[in-house]
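Residue-level structure breakdown
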Amino acid sequence: MRIAIGCDHRGLELKKQVVELIAAAGHSYQDFGCYSTEPVDYPDVAREVAQAVAGGGCRMGIIVCSTGIGVCIAANKVKGIRAALCCDAFNAQRARKHNDANVLCLGAGIKKEALNEIVTNFLEGEFEGGRHQRRIDKITAMEG
């Protein structure tokens, strides 16, 4: 699976850990930055990751900023994106199973011990469809 990944300057260290997990799981990725601790505007990176997913170049995306909140808000402005801020493995699993989330947003403070399970649950989770599809259809209709 090809995964779009990005971060702001506060998320750089966690992004490096995520890249290692992605590679170890056998996935490819496209890195949209940032690449240093020089300040960048997180909406720019979130938009690039979200557009890569919405456009079909990548199946899923992962974005990191200080809290994960800003990149989640920004990514969700792109049509076709269902970004979810996940702080634990349970929410990562549910984001995929019930919400068909296609972008995982993380805060830079996620502990390394939890990171593997969060990322794994998100990337390996399968959308259940059924009653959840009806709800996703309603969300999609809201995009206009």
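Preceding block: the structure.
For the structure given in this document, a descriptive report is provided here. (Residues numbered from 1 in each chain as written. Predicted model: local features only at pLDDT ≥ 70, side-chain atom pairs only at ≥ 80, totals over all residues. Heavy atoms only, no water.)

1. Let's talk about helix H2 (residues 42–54)
Compared with an ideal rise of 1.5 Å per residue, which puts 13 residues at 18 Å, H2 spans 18 Å between its outermost C-alpha atoms and is within 8% of the ideal. Here H2 has its buried residues at Val-45, Ala-46, Val-49, Ala-50, Ala-52 and Val-53. End-on view of H2: buried residues confined to an arc of 155°, all on one side of the axis. Looking at the packing, one finds that the buried side of H2 touches strand E1 (2–7), strand E3 (60–65), helix H3 (69–75) and strand E5 (103–107). In the segment just after H2, Gly-56 is the residue with positive phi, at about 90°. (Helix = DSSP H or I, 4+ residues; strand = E, 2+ residues; numbered from the N terminus. Expected span 1.5 Å × (residues − 1). Buried < 20%, exposed > 50% of the residue type's maximum accessible area, 1.4 Å probe, protein only. Arc of directions from axis to C-beta. Contact = heavy atoms within 4.5 Å.)

2. A short note on the nonpolar core
Buried together is how nonpolar side chains tend to be arranged in soluble globular proteins. Val-18, Ile-62, Leu-104, Leu-106, Phe-122 and Leu-123 are the most contacted members of the largest nonpolar core, which totals 25 residues. For this core, the secondary structure elements donating two or more residues are E1, helix H1 (12–24), E3, helix H4 (89–97), E5 and helix H5 (112–124). With near-sequence residues (within four places) excluded, Leu-106 lies in contact with Leu-14, Val-18, Ile-62, Ile-63, Val-64, Cys-65, Thr-67, Gly-68, Leu-85, Cys-86, Leu-115 and Ile-118. Core analysis: the second largest hydrophobic core is formed by 20 residues, Ala-4, Cys-58, Val-78 and Val-103 among them. (Core = buried A, V, L, I, M, F, W, Y, C linked by side-chain atoms within 4.5 Å.)

3. With respect to the packing of H4 against H5
Between H4 and H5, the least distance of the axes is 8 Å, while the angle of their chain directions is 10°. Classed by the angle they form, the pair H4 and H5 counts as roughly parallel. In this structure, H4 contributes Ala-89, Ala-92, Gln-93, Ala-95 and Arg-96 to the contact, and H5 contributes Glu-117, Ile-118, Asn-121 and Phe-122. The residue inventory of the contact of H4 with H5, partitioned by class, reads 5 nonpolar, 2 polar and 2 charged. (Axes fitted to C-alpha atoms, helices over the stretch in contact; angles between N-to-C directions. Parallel < 35°, antiparallel > 145°, perpendicular 65-115°, else oblique. Nonpolar A, V, L, I, M, F, W, Y, C, P; charged D, E, K, R; others polar.)

4. Focus on the layout of surface pockets
Approximately 190 Å³ is the volume attributed to the largest pocket. By residue class, the composition of the lining of the largest pocket is 6 nonpolar, 2 polar and 2 charged. (1 Å grid on protein atoms, 1.4 Å probe; cavity = no way out; pocket = protein on both sides within 12 Å on 5 of 7 lines; lining within 4 Å. Points joined across faces, edges and corners; volume = space filled by probe spheres on them.)

5. Some points on a nonpolar patch on the surface
A contiguous nonpolar surface patch, about 250 Å² in accessible area, is contributed by Ile-69, Ile-73 and Leu-85. By the secondary structure assignment, Leu-85 is in strand E4 (residues 83–85). (Patch = residues over 30% accessible without salt bridge, like charges linked within 9 Å, V, L, I, M, F, W, Y side chains within 5 Å. Areas by Shrake-Rupley, 256 points an atom, 1.4 Å probe, with all protein chains shown as cover. Salt bridge = Lys/Arg side-chain N within 4 Å of Asp/Glu carboxyl O.)

6. Comments concerning the pairing of strand E2 (residues 28–31)
Examined bridge by bridge, E1 and E2 share 4 bridges and lie parallel to one another. Its bridge partner lying in E2, Arg-2 is registered against Ser-28. (Pairing = 2+ DSSP bridges.)

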